[in-house]
Amino acid sequence: MCGIVGYLGNREAYPIVISGLQRLEYRGYDSAGIVLNNDNETNLYKAKGKVATLKKIAENKNTKGKLGLGHTRWATHGIPNDINSHPHFSNSGNLVIVHNGIIENYNTIKKELSARGYTFNSDTDTEVLINLIEEVKLKNNCKLGKAVQLALTNVVGAYAIAVFDIQKPDEIIVARLGSPIAIGIGEDNKEFFVASDASPFIEYTKDAVYLDEEELAIIKLGKNIRIRKIQDDSFVEPNIQELKLNLEQIEKGGFDHFMLKEIHEQPNAILDTYRGRLLADKGIIKMGSVDNHIAKFLNAKRIVIVACGTSWHAGLVAEYLFEDLARIPVEVEYASEFRYRNPIINKDDIVIAISQSGETADTLAAIKLAKSKGAFVFGVCNVVGSSIARETDTGAYTHAGPEIGVASTKAFTTQITVLALMALKLGNLKGELSNSEHYNFIQEMSLIPSKVEDLLKINTEIEKIAAIYKDAPNCLYLGRGYNFPVALEGALKLKEISYIHAEGYPAAEMKHGPIALIDESMPVVVIATKKGHYEKVVSNIQEIKSRNGKIIAIVTKGDTVVKEIADHVIEIPETEEAFTPLLTTIPLQLLSYHIAVMRGCNVDQPRNLAKSVTVE
Ligand code: F6R
């Protein structure tokens, strides 16, 4: 978590760094800071709170300087306050750092440095790291790049850092292990940008280098970037990529919040996900990364899915898809549990890692573990060039476009889309789905974007329901089969953005405990689509009604039975049962969104959360 932005060139750094930090606030937003260097003067401004607070503080101060580093924080070591905010200086006041990640052995290093006379103002691991760099630099009488490299060989943990020496304001050193860092290159190396992702500099340059794990880059004005491997000191040729991102994609485009924009982007996002893969007229599914390893997939004895949060919910939907359509056994694991429990992985297993950001620390560690046990790992990621995309053996991008709202929306539906394509393709090749069944599924999938588009028209209807339940202290979500994971996802969306306690359950499990919670003040959202255990779910609804619970039911268009019993019904268009999660999710996203807005919550940046969880 945490966002880093840096600028070195011939423009004023302040506006670039500040607006860059605002774009990276999704990564953390409990405090922010900026350091600016102007000839011989260096100014530091830091503040608890959002970048807007920092901006207010810096506004009337000296913000001149062609070199700047900024940081937006998600606290790990030390509470969010002004002192713990980055940037941090070394004891001499010469070296300055911004850091994203955790230095696990910081306490040991701190003790050693303290014994040598170093003092510390903050509680952060970052201040320890910059002093370690200083100590190494002085001891070895070496250049900053070398000192950073040597210091990092003594560090256990994860980092993306940017460092400069106020005595040499034509150079920034950046390095990464476990947290992302991108470098934007201006024309003729006259200016450089550094950031946790490329969004802070897309209007300035399209040329970018993404550092790989354990790489360090020396960025010097007027020179080509030099990249070294931290551990073995070898040089790496910079891989300059052309950025495909544009400004429009990272702006709100007339919506009040990124989350609402991203909910509405789903028809196009799903279309973009299957574009070039789902060839409806030919009735085929083309996926290079699956086709190139088809024997592995067809011979797989088992698929193990690893993911966290919403991506884990998409994995649960995939369990139904792969087992139902392709008859491949699936296990879905929380990456954070999988990585620590010595899992049994066989060589015929395929591990699928799902991650929007491609940077989630636990998922990345689970991948590394699975690979070390000889597994073939397939990634489903949204962010191109992300750590997980690079660490997996192969994979498929979701092509959902940047997701900036902290609560995942389009990432979820596009992950399901990719996984559904894979399940359909494998089901057909394995002979579990006849050609005509396969063909029909493909035709139906091609209609999903327009069905989602239709569904989005219920926005006002959902707003009315939200107004009724916005003050509920608890909420229960129930679903069965394909829609059990959707119930979990609906509950997660509500709790994370509105802070209402919510739980998702398989509908039949209600009798085994949660039914005790039901009374007249308890809203229960039930997914009761026509296909898939419909009658059973209707019985569950009756059970809730007889205990005076309030029912918000998601039903298939034209349903009359549930309409009679439920307090509110939200209709979704008819589709294949396997594709219902792509539709039933939409009203649940909107319901959470409206409730959160009505409760005055910060929908795009809920408290205590960050978009990409790069710490354990
Ligand atoms: C919930 C949410 C999180 C993420 C989780 C995994 O709305 O966004 O639960 O799904 O942190 O993140 P990725 O998919 O980036 O690995």
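Residues numbered from 1 in each chain as written. Predicted model: local features only at pLDDT ≥ 70, side-chain atom pairs only at ≥ 80, totals over all residues. Heavy atoms only, no water.

Trainee: Just to check I follow, could you spell out unusual backbone geometry for this structure?
Mentor: Negative phi values dominate among residues other than glycine, just as trans dominates among peptide bonds. Between histidine 86 and proline 87 the backbone carries a cis peptide bond, its omega angle lying at 0°. For proline 87, the position within the fold is in the loop between β4 (67-73) and β5 (88-89). The phi torsion at asparagine 189 lies on the positive side, around 60°, for a residue other than glycine. Here asparagine 189 lies in the loop between β9 (182-185) and β10 (192-195). The class for asparagine 189 is buried, based on a relative accessible area of 12%. Positive phi is not limited to glycine here, since tyrosine 499 has a value of about 65°. Given a relative accessible area of 27%, tyrosine 499 falls into the partly exposed group. (Helix = DSSP H or I, 4+ residues; strand = E, 2+ residues; numbered from the N terminus. Buried < 20%, exposed > 50% of the residue type's maximum accessible area, 1.4 Å probe, protein only.)

Trainee: I keep staring at the pairing of strand β11 (residues 207-210) and nothing clicks. Help me out?
Mentor: Here is the key point about a regular strand: its side chains alternate between the two faces of the sheet. As paired strands, β9 and β11 are joined by 3 bridges and run antiparallel to one another. Bridge assignment links alanine 182 to a residue of β11, and that residue is tyrosine 210. Relative to strand β15 (residues 241-242), β11 is paired through 2 bridges, and the arrangement is antiparallel. Pairing of aspartate 207 across the sheet is with glutamate 242, part of β15. (Pairing = 2+ DSSP bridges.)

Trainee: Help me understand the sheet that holds strand β21 (residues 376-381) in this model?
Mentor: Hydrogen bonding along the main chain pairs the strands of a sheet, whether they run parallel or antiparallel. Taken together, the 5 strands give an open sheet; going across it, the order is β19-β18-β20-β21-β22, and neighbouring strands pair in parallel fashion. Since the sheet does not close on itself, it has two edges, and those belong to β19 (330-334) and β22 (394-397), each with one partner. Direction aside, the axes of adjacent strands within the sheet are offset by 20° on average. Relative to β19, strand β18 (residues 302-307) runs parallel, the two being bridged by 5 bridges. Each bridged residue has a counterpart across the sheet, and for isoleucine 305 the counterpart in β19 is valine 332. Where helix α12 (residues 361-372) meets the sheet, its contacts fall on β18, β20 (349-355) and β21, and the angle it forms with β20 comes to roughly 165°. Sheet strands touched by helix α14 (residues 410-429): β20, β21 and β22. Its angle to β20, the strand with the most contacts, is close to 160°. (Axes fitted to C-alpha atoms, helices over the stretch in contact; angles between N-to-C directions. Contact = heavy atoms within 4.5 Å.)

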